[in-house]
Amino acid sequence: MAFDTEESLDQLIAAFEDGTWPVSQWKHAHHLAMATCYILRYGRDEALRRARVDIAKYNEAQGGKNTEDGGYHETLTVFWMDLVAANMPAGKSRVEAVRHVIDQLASKRDVWRDYYSFDVVKSREARAAYIKPDREVGGAGGNRTPE
């Protein structure tokens, strides 16, 4: 998906929300596009609330399970929503904002490693509840760092 039209973004969000977007085609850029669209539409807090529900629902619709050891991950969801929010351009259309965020963050899929030790992210506690970064870095991942 090129994310080059409003219609393509509408299709992505609708298929994500109803669980029909094929998991084999759900790549990192798709996560970023969804997060950008949600933040633009709802603001950070409501976008995060909806993402929590919709990611878990999507996982199940695609045959996955949300357990202590797999599926939805609260710490990484908060981390990515905050990183996307920090990299949102002002005054751009939804398509332009999605492209900007993807340009800034798509190649930085593992940037969480700059903020979290492996043991923290892999813990059941981090999957179940948000844990603040246990590493201090400045500027990694984009123009600004998550809070």
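Look a little higher up for the structure.
So, how was this worked out
- Residues numbered from 1 in each chain as written.
- Predicted model: local features only at pLDDT ≥ 70, side-chain atom pairs only at ≥ 80, totals over all residues.
- Heavy atoms only, no water.
- Helix = DSSP H or I, 4+ residues; strand = E, 2+ residues; numbered from the N terminus.
- Contact = heavy atoms within 4.5 Å.
- Salt bridge = Lys/Arg side-chain N within 4 Å of Asp/Glu carboxyl O.
- Buried < 20%, exposed > 50% of the residue type's maximum accessible area, 1.4 Å probe, protein only.
- Core = buried A, V, L, I, M, F, W, Y, C linked by side-chain atoms within 4.5 Å.

Caption draft 1: Seen up close, the side chain of H28. With respect to the element layout, H28 can be found in helix α2 (residues 28–42). Those residues in contact with H28 that sit more than four places away from it in its chain are W80, L105, A106 and R109.

Caption draft 2: Spotlight on the pattern of salt bridges. Considering all chains together, one arrives at 10 salt bridges under this definition. A salt bridge links D82 to R44, with the nearest nitrogen and oxygen atoms 2.7 Å apart. Pair noted here: D82 is in helix α4 (residues 74–86) and R44 is in helix α3 (residues 44–61), with a separation of 38 residues, a long-range link. The exposure class assigned to D82 is buried, which follows from its relative accessible area of 12%. Residue classification places R44 among the partly exposed residues on the basis of a relative accessible area of 29%. What you see here is one network of salt bridges that share partners, running through E6, D10 and R94.

Caption draft 3: Representation of the nonpolar core within the structure. Counting 42 residues, the largest nonpolar core has F3, Y38, F79, M81 and V84 as the members making the most contacts within it. Contributing elements (two or more residues each) for this core: α1 (6–17), α2, α3, α4, α5 (94–105) and α6 (118–121). With 8 residues, α2 is the single largest residue contributor to this core. Setting aside residues no more than four positions away along its own chain, V84 makes contact with L32, A35, T36, I39, V101 and L105.

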